[in-house]
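Summary of structural features
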Amino acid sequence: MLGACGMQKCHQEALKRNRVSLAKQLVLKELLEHLIEKDVITTEMVEIIQAKDGSFGQNVEFLNLLPKRGPKAFLFFCEALRETKQQHLEEMLLSTIPSQSNGTAKLNRGYEESLSFPVPESAILQKRQCLHPESMEYSLDNGDGPHYPQVKPCTPEFYHAHQHLAYRLISRPRGLALILSNVHFSGEKDLDFRSGGDVDHAALQKLFEYLGYQVFVRHNQTAQEMQEELEKFSKKPAHREVDSCIVSLLSHGVEGGVYGVDGKLLQLPEIFRLFDNANCPGLQNKPKMFFIQACRGDETDRGVDQIDGSERADSPGCEESDAKMQENSKLRLPTCSDMICGYACLRGTAAMRNTKRGSWYVEALTSVFAEDSQNTHVADMLVKVNRLIKRREGYAPGTEFHRCKEMSEYCSTLCRDLYLFPGFYPGN
């Protein structure tokens, strides 16, 4: 059994500096077996670890125990990382330990001399994705560059056959669209650069323009600046003259909120409130679309094996009561109606992003809307987006994100079919 004395200060510091990334990315199951074999931890400790809820909680408990397990615990931990194909975490740890001029990490002289711990070739490992557990949006690389599909136009025949059951959507422009895209972050939360985020806003801007919207894009704003921009946008007089509205938020996030570049949260209910029937009368009875590309939690969906069926995974690179009441001369509206909101992921889970092609959700959204908006209403298109996301899986060999999954969703208070009727203007 290892002695009671703790590990070296530099190794404790390396674990501390990388604590959140380790808590998010460690895959413990097999690793614990290796550490039991080396007497780093006991079976009783394993039971304590496994009693915690979720992988993040279990990893945190493990990281609380590890520094107390003797001077060789760090060495055996790194060895176990290699044995369980988590070398990227070992490299992350070693890159934060002061290194000698020959490029190898400093280790206690009492350690086995036969084991080497090289620093990555760059000497500084690229900052790991998603350092803060509440703001994860994983960056997965496998695929070519961005894809900007052309929108197929609606035919006059389709418009005349469906417009009587649909929202009026024939204004020019169709409506105003606002995209808030945060890529570069600062502040205490240490949120990562959203590599591929520029692809998302460019793809959405082109899509919305193709669909006939006047698009406004704002980059890298603090939470307060986002709030002010949304308030200003919601009060634009032009909303009275057009038939719809789009708001898209691209950032790190948690359930119920998105981060500004300063690491402060902007709550989603506050955003929706700005566009409700009370606060935005210019959009009363008009459809309002929201698309949120941000995480809603810290859990990675690792998926489950399908029991049967033929589907394969693809891995490319929101009344009057009966009581007798005096009639009001004005028609009453619910405070919130005529909204539809698409989310990149489910509550409590993380969203996935490809650094070359952008996020999975935005790529699927732009592809489906470009192909199908000519003859499909928005709710049905978002179902198709869900189907595409369901089939996709991560490609990141050697990490826990390999073959990970994501599931998008939407909520709706729409009261009619929302066809976008791209390219059709009566009288043309």
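Here the structure is shown first, and the text comes after it.
In what follows, the accompanying structure is described. Note that the coordinates shown come from a computational prediction; the quantities given were computed from them, not determined experimentally.

Looking along the chain, the bond that leaves R172 and enters P173 is cis, with omega of 0°. Unusually for a residue other than glycine, N285 sits at a positive phi of about 65°. Its place among the elements puts N285 in the loop between helix 11 (268–274) and strand 8 (288–293). We classify N285 as partly exposed; its relative accessible area is 45%. Its identity as a non-glycine residue notwithstanding, D338 has a phi of 60°, on the positive side. Looking at where D338 falls in the secondary structure, it is placed in the loop between strand 8 and strand 9 (339–343).

For the rest of this paragraph, the subject is the sheet that holds strand 6 (residues 257–259). If you trace the three strands from one edge of the open sheet to the other, you get 5-6-7, paired in antiparallel fashion. Where the open sheet ends on each side, the last strands, each with one partner, are strand 5 (253–254) and strand 7 (265–267). Against the sheet, helix 10 (residues 223–234) touches strand 6 and strand 7, its axis set at about 30° to strand 7.

Let's shift gears to the packing of aromatic side chains. In this description, a pair of aromatic rings is defined by centroid distance and the angle of the planes. Per the stated rule, a full pass over the model turns up 11 aromatic pairs. Look at Y159 and F421: their rings are 4.8 Å apart centre to centre, the planes differ by 80°, and that puts the pair in the edge-to-face class. Both residues of the pair, Y159 and F421, count as buried. Ring pairing ties together the aromatic residues F158, Y159, Y419, F421 and F424, which thus form one cluster. Here K236 stacks its cationic end above the ring of F216, 4.7 Å away from the centre of that ring. Directly above the aromatic system of Y343 lies the positively charged group of R296, at a separation of 4.0 Å from the ring centroid.

Now for the nonpolar core. Counting residues in each nonpolar core, the largest one holds 50 residues, and the members touching the most others are F208, Y213, F369 and L420. No other element matches the eight residues that helix 12 (residues 360–372) contributes to this core. With near-sequence residues (within four places) excluded, F369 lies in contact with L207, L211, F291, V378, M381, L382 and L420. Ranked by size, the runner-up nonpolar core spans 33 residues in total, among them M7, L32, F56 and A73.

Right, let's get into helix 4 (residues 43–50). Among all positions of helix 4, only M45, V46 and I49 are buried. Seen along its axis, helix 4 keeps its buried residues to an arc of 105°; they face one direction. With respect to the buried face of helix 4, the exposed residues turned more than 90 degrees away are E44 and E47. Packing partners of the buried residues in helix 4 comprise helix 3 (28–37) and helix 5 (54–65).

The next point concerns a negative patch on the surface. Negative charge collects at one region of the surface, where E30, E33, E37 and E83 lie side by side. Counting residues per element, the negative patch draws most heavily on helix 3, at three residues. Its place among the elements puts E30 in helix 3.

Counting buried residues in strand 9 gives five out of five residues, a clear majority hidden from the surface. Of the two faces of strand 9, both are covered, the one formed by M339, C341 and Y343 as well as the one formed by I340 and G342. When strand 8 meets strand 9, the two strands line up parallel, connected through five bridges. Paired with I292 across the two strands is Y343, which belongs to strand 9. When strand 9 meets strand 12 (residues 409–412), the two strands line up antiparallel, connected through four bridges.

Calculation notes
- Residues numbered from 1 in each chain as written.
- Predicted model: local features only at pLDDT ≥ 70, side-chain atom pairs only at ≥ 80, totals over all residues.
- Heavy atoms only, no water.
- Helix = DSSP H or I, 4+ residues; strand = E, 2+ residues; numbered from the N terminus.
- Buried < 20%, exposed > 50% of the residue type's maximum accessible area, 1.4 Å probe, protein only.
- Pairing = 2+ DSSP bridges.
- Contact = heavy atoms within 4.5 Å.
- Axes fitted to C-alpha atoms, helices over the stretch in contact; angles between N-to-C directions.
- Phe/Tyr/Trp six-rings, centres within 6.5 Å; stacked < 30°, edge-to-face > 60°.
- Lys NZ or Arg CZ within 6 Å of the ring centre and 35° of its normal.
- Core = buried A, V, L, I, M, F, W, Y, C linked by side-chain atoms within 4.5 Å.
- Arc of directions from axis to C-beta.
- Patch = residues over 30% accessible without salt bridge, like charges linked within 9 Å, V, L, I, M, F, W, Y side chains within 5 Å.
- Areas by Shrake-Rupley, 256 points an atom, 1.4 Å probe, with all protein chains shown as cover.
- Salt bridge = Lys/Arg side-chain N within 4 Å of Asp/Glu carboxyl O.
- Lys, Arg positive; Asp, Glu negative; His and termini not counted.
- Charge placed at Lys NZ, Arg CZ, Asp CG, Glu CD.

Such coordinate-based values are descriptive only and should not be taken to indicate function.
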